[in-house]
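Topology and contacts: notes
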Amino acid sequence: MPLSFSSPTSNALTYSLAQNKRRTTKSICTHALQRSILLLFLTSGLRYSYADISPALTPTTCPLSKKSKKNIIVSGGLINLGNTCYLNAQLECAYHIPKVRNFILDPTQDQNYGDDSGDSTSLGLQSLQQVFQSMHTASQRGGGDPLLTPSTSTSIFCRNLGINVYEQQDSQEFWKLLLPELNYGPLTDLYRGQYESYIAALDGSGRERKRQEVFLDLSVDVSNFDDVHDSLEDMFTSGEVLSVKEGNGWRPEKGADKVDALKGYTIRKSGLPKLLQLHLMRFRYDMMSGGMSKINDRFTFSKELDLTQICKEGQESREKVIFDLQSVVIHAGEYGRGHYYSYVRPDVLKNKWYRYDDDRVTEVSFKTVKEDAFGGQAMSPVRKQKQNGFWGRLVSRRKTNYGWGGKSSSAYMLQYVKRSEISILYG
């Protein structure tokens, strides 16, 4: 069945971001050959991927080099088939986590595989497996250098799942729909978390209602907070008062009078997944225009996210709950059009980042990541402006302090790994 999206965006632009000027030194001949072959296969109705013109190489028959630590390898990027940047960005984030990559390449490594872990013949899993296999082959050939690593096509993956490569989609929605389509429990379990929703009467009667909610990502409010931690803290430690006077009281049971109540959410340490995906709610309904618009306000995050005090155990727990940032999906543009790309840290224990703009791969600093991902305009230090003198200040006014993607670029998805699980995820 085609992978169905509930809110596809139409007439999307292919947001080039001056690709000719920003193209890396990767062989132009290689790119031209790959695109020529891709066009030939797409127009002829045949199926193509990098694996079709490369010798087979599997992680089970060709283990990582002894010099490679913790299964760390680097991708050479994914070819944009038209408007497939949204899925390219998400797949790069997943591929660079060894546990995720190995689950997809070899589902049988799970001890319970074949019991209730999923369907080994899932078309989605087979299709993604072929993409990751091609990426892995290219990674081994590149020897850790993305400029020497061939890029990979997702044409078979898109064709098998019925994805229109010329139609832009939402990157966050794509991943949430893809995981069930893969039908592979052990992989989904890495992303699956659980929190508790509650409503409690404030009349002292002790009446309350609780329900366990399962999630694959958490949607984070960016319009009322300045950073990720504060937004999550408000989500799980503050409640909303339902007031009878304001007409939104809670009715504990059928036929009962409405009462004032507190509505909210709590989360325990055990409810946090190994891979925590945060969806930054950059799109909102605009009452004035009657349509959707993008919030590009400055919203920060850190490489280390400490959720200890946010968990229900709070100060009672001596063991900290810390997550480390592994990747960021960026959206550049406005609602309904634009471009997605990602920043990835292949080794979460090192501060070495890569920007994956489809098949253009560039090593960057975390400073570059922040400048591009926080949104809004970065503030220039006042002291530095004074030191530049009159002409320096005059010139600096003409320069924008936006990130690589321009004034409309900002983080849309953040992916963190639980520190206590690094040995499992990267082992």
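All figures in this text were calculated on a predicted structure; none of them were measured in a lab.

1. Digging into the overall build of the protein chain
If you tally the helices and strands in the protein chain, you get 13 helices and 14 strands. In the protein chain, which comprises 427 residues, the share counted as buried stands at 50%. Partitioning the contacts of the protein chain with sequence separation of at least 6, the portion at a separation of at least 24 is 72%. Total accessible area on the protein chain is roughly 21,100 Å²; 50% of this is exposed by carbon and sulfur atoms.

2. Some remarks on the packing of aromatic side chains
Each aromatic ring pair is summarised here by two numbers: the centre-to-centre distance and the angle between the ring planes. Tallied over the full model, the rule gives 15 aromatic pairs. Here the aromatic rings of Tyr 341 and Tyr 343 are separated by 6.0 Å at their centres, their planes lie at 70°, and the arrangement is edge-to-face. Here Tyr 341 and Tyr 343 have matching classes, each one buried. An aromatic cluster of three or more residues is present, and its members are Tyr 195, Phe 215, Phe 236 and Tyr 265. When the ring centre of Phe 366 is taken as origin, the NZ or CZ atom of Lys 303, which lies over that ring, is 5.1 Å away.

3. Side note on the environment of Lys 303
Summarising the element assignment, Lys 303 is placed in the loop between β8 (291-294) and β9 (304-306). On the basis of relative accessibility, which here comes to 27%, the residue Lys 303 falls in the partly exposed class. Through-space distance from the C-alpha of Lys 303 to that of Gln 326 is 8.1 Å; in sequence the pair is 23 residues apart. When near neighbours in sequence (up to four residues on either side) are disregarded, Lys 303 contacts Phe 323, Asp 324, Leu 325, Arg 345, Asn 351, Trp 353, Phe 366 and Tyr 416. Reaching out from Lys 303, the side chain makes a polar contact with the side chain of Asn 351 at a distance of 3.2 Å.

4. A look at the packing of helix α3 (residues 85-95) against helix α5 (residues 123-142)
For the pair α3 and α5, the least separation of the axes is 12 Å and the interaxial angle reads 65°. By the angle between their axes, α3 is roughly perpendicular relative to α5. Regarding α3 and α5, the two cross each other, and that crossing is right-handed. Across the interface between the two elements, Leu 91, Glu 92, Ala 94 and Tyr 95 of α3 pack against Leu 128, Phe 132, Met 135, His 136 and Ser 139 of α5.

5. Concerning a negative patch on the surface
Among the surface-exposed residues, Asp 226, Asp 230, Glu 233 and Asp 234 lie close enough to one another that they form a single negatively charged patch. With respect to the secondary-structure elements, Asp 234 resides in helix α9 (residues 228-237). What makes Asp 234 partly exposed here is its relative accessible area of 34%.

6. Considering the environment of Ser 134
Positionally, Ser 134 belongs in helix α5. We classify Ser 134 as buried; its relative accessible area is 0%. A sequence separation of 16 residues divides Ser 134 from Pro 150, and the C-alpha atoms of the two residues are 9.5 Å apart.

7. Side note on the pairing of strand β7 (residues 283-286)
Taken together, the four bridges between β7 and β8 define a ladder with antiparallel strand orientation. Residue Phe 283 lies in a different strand from β8, and its bridge partner there is Lys 294. From the end of β7 to the start of β8, which pair antiparallel, there are four residues, and Gly 290 there has a positive phi angle of about 75°.

8. Quick notes on the environment of Thr 368
The topology assignment puts Thr 368 in helix α10 (residues 366-373). Thr 368 sits in the partly exposed class, given a relative accessible area of 22%. Linking Thr 368 and Tyr 343, residues 25 residues apart in sequence, is a C-alpha distance of 9.7 Å.

What counts, and where the lines are drawn
Residues numbered from 1 in each chain as written. Predicted model: local features only at pLDDT ≥ 70, side-chain atom pairs only at ≥ 80, totals over all residues. Heavy atoms only, no water. Helix = DSSP H or I, 4+ residues; strand = E, 2+ residues; numbered from the N terminus. Buried < 20%, exposed > 50% of the residue type's maximum accessible area, 1.4 Å probe, protein only. Contact = heavy atoms within 4.5 Å. Areas by Shrake-Rupley, 256 points an atom, 1.4 Å probe, with all protein chains shown as cover. Phe/Tyr/Trp six-rings, centres within 6.5 Å; stacked < 30°, edge-to-face > 60°. Lys NZ or Arg CZ within 6 Å of the ring centre and 35° of its normal. Polar contact = N/O pair within 3.5 Å; in protein donor to acceptor, adjacent residues only side chain to side chain. Axes fitted to C-alpha atoms, helices over the stretch in contact; angles between N-to-C directions. Parallel < 35°, antiparallel > 145°, perpendicular 65-115°, else oblique. Left-handed = near helix turned anticlockwise from the far one by under 90°. Patch = residues over 30% accessible without salt bridge, like charges linked within 9 Å, V, L, I, M, F, W, Y side chains within 5 Å. Salt bridge = Lys/Arg side-chain N within 4 Å of Asp/Glu carboxyl O. Lys, Arg positive; Asp, Glu negative; His and termini not counted. Charge placed at Lys NZ, Arg CZ, Asp CG, Glu CD. Pairing = 2+ DSSP bridges.

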